[in-house]
Amino acid sequence: MALRTTQSTTYQQVLLGIQNNTQRLVQAQAQVATGRRISRPSDDPVGTATSINLRQQISNLASYQSSVDEARPIVETAASEIEQASNFMTEARALMLQGLSGTLSQDDRNSIADQIEEVANGLLGVANARFGDRFLFAGTDDGVQPYTLDGEGPDRFASYGGNGDEQTVAVNRGVGLELNVPGSELFSGAGYTSTSFAGLTGLQSGLTVDQGTGFTRVQLRADSVSGFEEGVVQAAGTALTVLGEHALVIDADDQTVTLGDGEPVLIPTPLPSALTVETAGGGSVTLDLSGWTGLSSTASLVAEGSIATNGADWTPVDRTETDLELVIDGVGVIHVDTTELSRTGEELITFQGTTSVFDTLLGAAQDLRDGATVGVDVARARLQERYSELIDQQSNTLVGLGRLGARARRLNETQERLDELSIQYQDQLSRNEDADLTEVALDLTRTEQTLQVALASGARLLQQTLLNFL
Amino acid sequence: MTLGLNIGLKGIQSSQRALETLGHNITNANTPGYSRQTLDLRASRPLDQIGVIVGTGVDAEGVRRIADDVLNRRLVGQAGVVARYEGLTEILSTLESLFSEPGGSGIGEAYNTFFESASALASNPRDGVLRGALVDSAENLSSSFNQLFASVSELGDDSIAQAEALSTGINELSAEVASLNVEIGQIEAGGGVANDLRDQRDLALIQLGALIEVDVQPKPSGVVHVLVEGQLLVGSSQSYEVAADVDDSGAPILNLEGGTRSVQPAGGELGGIQHFIDDILPGLQDDINGLVRATILEVNRAHSVGIAQDGGYTSLVSALPLGSDGADFLLNEPLASLDLDFPVQDGQLRINVANDATGDLTVHLVDIDPDQMTVQELIDEIGEIPNVQAGLDSAGRLTVSSNSGYRFDFSARVDPNPDDLGTFGSGYASVVATGAGPYSFVDGDGIDLVGALGPITVTVNAADFADNTTVTAEELASVLNSNVELASGQIQVESLGGKLVLQSTATGSDATFGITGGSIAGIVGLTPGATVTGSDTPVNPVLTGTFTGEGNHTWTFRPTIDGTIGATPDLLVEVVDELGQPVASLSVGDGYTPGSEISIADGVSVRFDFGQVSASDGDVFQASVVEDSDTADILVATGLNAFFQGGDAETFAVAQSILDDPSQLAISATGATGDNGALLKLLELQDSDVASLGSTLTGAYGTLVSGVGSEVSSAGTRLATEEGLLQSLEERRQAVSGVNVDEELVDMIRFEQAFGAAARYINVVQQLGDTLLSLL
């Protein structure tokens, strides 16, 4: 049997139909108004989770993008500063080449020294360059000025206050990019390649590798000389500058006396109580020949001496030592071979180690000024050494520039990729939570029509009653 | 004749009754709960008229309501189910709107802002404005969580208030049912039928069922009993009041007057509330708390081992007390039994102490076993580190401070000068024994040495040691060092990695001593006859870089032969880890330029200066390289150098020290002000899975919100289904009991005509009588 229908049921049905349709209409309207398919989590729980994750990805990308934006000017400024540094170095090289010329007067050399110091100051400015409040070349200690000049006059030296670390920023998931090249690699990384001796005293490089920086001076003195043939002695109170073993040949026929490889010296008459003979290297001894027997003789003179590194603390020299270790306070350790010592004096030693470009430049300026005191040739030799050092340093700087260039390229590539990804994610987010307006509009129209039909049919249905006909 | 009139009368009367009944029906067509009524007609008992059985007309038997009691009872049940989901949907919709997701200013946004601020600061670690911005965004994150949690909990409280309001409704309805029971019982006992009262009672029962799940039991007397979870709510003549209360878990319960136990109905609006409070709310609160705890733990792990702006700490106070009021008895409690937000793990804490003047860093490892180590032992252990003190302040918080001129931190940075003792080609003359402790000594054991002033013999006695059969190198060193002769001989004794180290007190090539013999030398592994000399050219090993490998290790460096760094052919320095596994073999002989860096492994490099190293003197140094400098989580557990404090969503907050002074933000991993290592570690959090959550922080949050959305959506779907079912039951009830006005109008015409016919019949009977009378 068919169910009985009552007016109540009809009312209920009509009402329900209108309510349902109105509700759908409101939902569709809300989607159109907000433009969003998901406005509360229950609209699409899974989609909501996806949205939250996508938003996080987009936020991440935004962080990475702003890191890249922040990093780029820093890397670019650093690169242009290094380029500037390299220019300064090129200028310094030209000045040093000029200084090497043998035809300069001391005034000219002083003037070049001034110019080199100017360049050094310019370079110091570059090394202490900042971006905002950060020093570009101080490693991660970027609140500290990396290079300061300490000391006075010839003793000036540069010290590095930064560290050797690189600042990293995250530019993608798990990808860091280093922002800076520490100054220690750019300006202090060059090393000498060998230890060299000026060659005055016959001191030679020892067997062991040396340790330290720059130049040092070693003093040698003679303490005693022995091995004379009968009748010949060292004149009392006279200077002794010969060291080591040398033959002392007295030729009775020629009436000459010869020390080692030196020139023969004529023995005057009467026999002198002070006759100076010297080796080719300049090691001399003053002889008292007043007791000479008049016979020819060949004696083996042995002059013993002492060595000092600071002009004060003398140590006797063992002439058989091939690897004498000398510790020079504040500079380093060198090893010398004393077997070929031939005379006293001060030996200039340039030895292996690392130094900063500022030390090189200031040293070069000092060398040029020193031309007057140490002799032009010595000064030129040192300058030559500094010049090759500077070339090494410049190549270090250029390596740093290359690294920064590579980073700038990586930053550009990263930025492009991040932009691309960001667009992709935005698109995904939009597809996930935004309403498809065409679809919603269609839905809206459809629901509207249904509602209208429901209203119309309901109105007609409710009017139908038997009462109309009674 | 009389019979005929009687028949006509009964006809008229019954038609009139029928018309009255249908009038009652028509007028009650829209009355809620009304069941249509119908007049039962029956032919009257016939009369035996001398063998002829004659009908006597119609009798109106009574007015009957057309109702299906089973259906009505199902309606009571279904109304309860619908009300449950209605109540639930309402609460859950409010709940989901608390999250402001997706895309609103919800917690997802707060997380994103937090990490964005951190990233911006990582690009400019010294920028004070960005530092403030990070603190603000952290505060925004914590207060968002506080607010969410408070709102969610408030929703629970609101629900309980709602339950109280519902209990009033229940009491009113049950009282109504009870009074209807009485009336119905009285009427029906007298043989009547209480049709309209029954309708009223059915309606009241449906309304009651919508509030609370009830069991309706009809009784033969016409009354119904209403039971809630087997306990009587409404009896034959009286109802029992319910009173709302909350149980231990905070869920609403009802106490029934005279009931034996409280009830927690599953159905009805109350059931919906109860389901939310019992089943949804605690899980949600746990999830939120879990997320908050993971955030605090992971952020603090990254932050606590970082170093703030001024490059190391001189004083730190933990955020949490290790015991209420710092009471003494808590000092002897193991760390595991303390009431801390996060547990202390079995592991190590690394403490670095830096000398401000020299920049020298010493690394100290504190082993922590939370089940064994007491608070006092932890304090003692930290306090033993030179230049560092530890203690509890008046509030019971752990304080760590350093002497003036020293700073400490907990970072994982590589110790740049690992050869603290000077046992690796240093200026000191030193020899490292080959045998590791513990050793066993008896009275008179001694060692013969040649010191600066000539031969020395140092002897020990069993009584010198706590236990002379298990003497550690450290213990032996301290006993030997107390010997005055040894000191005047310019010799000191140390221990390194469980082995004894003999060392000159002076440095340089003049510093020298010899070992000539003695039983101790044999026991600890020192070769008699050896003479060691210091050096003017210390090797000074320097470590650089940042350890990027996994786990925490102690690397041991040893030369393979005697030789000179940078000069001796085939000179290697072997590096092994704590398990003796090789890490690297460094070629530092004639091909090596002293002072240049050699990479060891995992981002760490070393450089050596020119100088002699000796394998035969046991030259060695150790360096600790760590991934996590606080594997014990002691910093996080106590809140030392914390970013966030608190242990759940209610207490979640930015640490007060950081709010007071944003420069306390530990950004650097190395102490350099431009370093952002600690912050980068923190930033890794946004992309990496957190162990306790099994996903990233935002991922877990997404899952949580999605879960709430699913609950709402499934409750909504369920509600629609149940409403449909209710609707169809309602339709069926209408089909059975509803009034169809048209139907009634048809009946009206029918009975109107019957009335007319009966009247006509009386007329005919009357005419018959008249006819007969006229015959008289």
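Up top is the structure these notes are about.
Things to note about the sheet that holds strand β30 (residues 604-607) of chain B
Residue and element names in this part refer to chain B.
Link 1 in the chain: Spatially, β24-β30-β29 is the arrangement adopted by the three strands of the open sheet, whose pairing is antiparallel. At either margin of the open sheet sits one strand with a lone partner, and together these are β24 (542-545) and β29 (598-601). Along the sheet, successive strands turn relative to each other by an average axial angle of 35°, direction set aside.
Link 2 in the chain: Pairing between β24 and β30: four bridges, direction antiparallel. Counterpart to Leu-543 in the pairing with β30 is Val-606.

What to know about the packing of aromatic side chains
Residue and element names in this part refer to chain B.
Link 1 in the chain: Using the criterion set out here, one finds 21 aromatic pairs over all chains in the structure.
Link 2 in the chain: Aromatic pair Tyr-313 and Phe-408: ring centres 6.3 Å apart, planes at 45°, arrangement tilted. On the criterion of sequence distance, the pair formed by Tyr-313 in the loop between β10 (307-308) and β11 (315-321) and Phe-408 in strand β16 (residues 406-409) is long-range, its members being 95 residues apart.
Link 3 in the chain: Relative accessible area serves as the criterion here: at 3%, Tyr-313 is assigned to the buried category.
Link 4 in the chain: Here Phe-408 falls in the buried class, since its relative accessible area comes to 0%.
Link 5 in the chain: Over the ring of Tyr-85 we find Arg-84, and its NZ or CZ is 5.2 Å from the ring centre.
Link 6 in the chain: Here Arg-293 stacks its cationic end above the ring of Phe-342, 4.3 Å away from the centre of that ring.

Focus on the environment of Ser-402 of chain B
All names here are of chain B.
Link 1 in the chain: When you line up the elements, Ser-402 lands in strand β15 (residues 397-402).
Link 2 in the chain: Taking the relative accessible area as the measure of exposure, Ser-402 reaches 12% and is therefore buried.
Link 3 in the chain: For the pair formed by Ser-402 and Leu-316, sequence separation is 86 residues and the distance between their alpha carbons is 9.4 Å.
Link 4 in the chain: Dropping the residues within four chain positions of it, Ser-402 is found in contact with Tyr-313, Thr-314, Asn-387, Val-388, Gln-389, Arg-407 and Phe-408.
Link 5 in the chain: Among the polar contacts made by the side chain of Ser-402, one reaches the main-chain carbonyl oxygen of Tyr-406 at a distance of 2.8 Å.

Section: the pattern of salt bridges
Side-chain pairs of opposite charge can arise whenever the charged atoms involved come near each other.
Residue and element names in this part refer to chain A.
Link 1 in the chain: In total, this model carries 35 salt bridges over all chains according to the counting rule given.
Link 2 in the chain: Glu-117 is paired through a salt bridge with Arg-369; the nearest N and O atoms lie 2.8 Å apart. Here Glu-117 is found in helix α3 (residues 106-127), whereas its partner Arg-369 is found in helix α5 (residues 357-374), with 252 residues between them in sequence.
Link 3 in the chain: For Arg-369, a relative accessible area of 25% puts it in the partly exposed group.

Cut-offs used in this document
- Along each chain, residue indices are assigned from 1 in the same order as the chain's sequence is written.
- Written order decides the labels, with chains lettered from A and ligands numbered from 1.
- Local features in a predicted model are, by the rule used here, given only for residues with pLDDT of at least 70; side-chain atom pairs are given and counted only at 80 or more, and totals for whole chains, interfaces and linings are based on all residues.
- Heavy atoms from the whole structure form the basis of all side-chain values; hydrogens and water molecules are not counted.
- The rule for pairing is simple: two strands pair if DSSP sees at least two bridges between them.
- Numbering of helices and strands runs from the N terminus; a helix is a DSSP stretch of H or I covering at least four residues, while a strand is a stretch of E covering at least two.
- Angles run from 0 to 180 degrees between N-to-C directions of axes, and those axes are lines fitted to C-alpha atoms, restricted for helices to the stretch in contact.
- Note on ring pairs: Phe, Tyr and Trp rings are taken, using the six-membered ring of Trp, and paired if centres are within 6.5 Å. Classes follow the plane angle, with under 30 degrees stacked, over 60 edge-to-face and the rest tilted.
- In this scheme, a residue with accessible area under 20% of its type's maximum is buried, one over 50% is exposed, and one in between is partly exposed, where area comes from a 1.4 Å probe on protein chains only.
- Only lysine NZ and arginine CZ atoms are considered, and such an atom sits over a ring when it is within 6 Å of the ring centre and within 35 degrees of the ring normal.
- We call two residues in contact whenever any of their non-hydrogen atoms come within 4.5 Å of each other.
- Here a polar contact is taken to be a pair of N or O atoms separated by no more than 3.5 Å, where protein atoms must pair a possible hydrogen donor with a possible acceptor and residues adjacent in sequence count only if both atoms sit in side chains.
- What makes a salt bridge here is a side-chain nitrogen of Lys or Arg within 4 Å of a carboxyl oxygen of Asp or Glu, nothing more.

Read these as layout, nothing more, since geometry by itself doesn't imply function.
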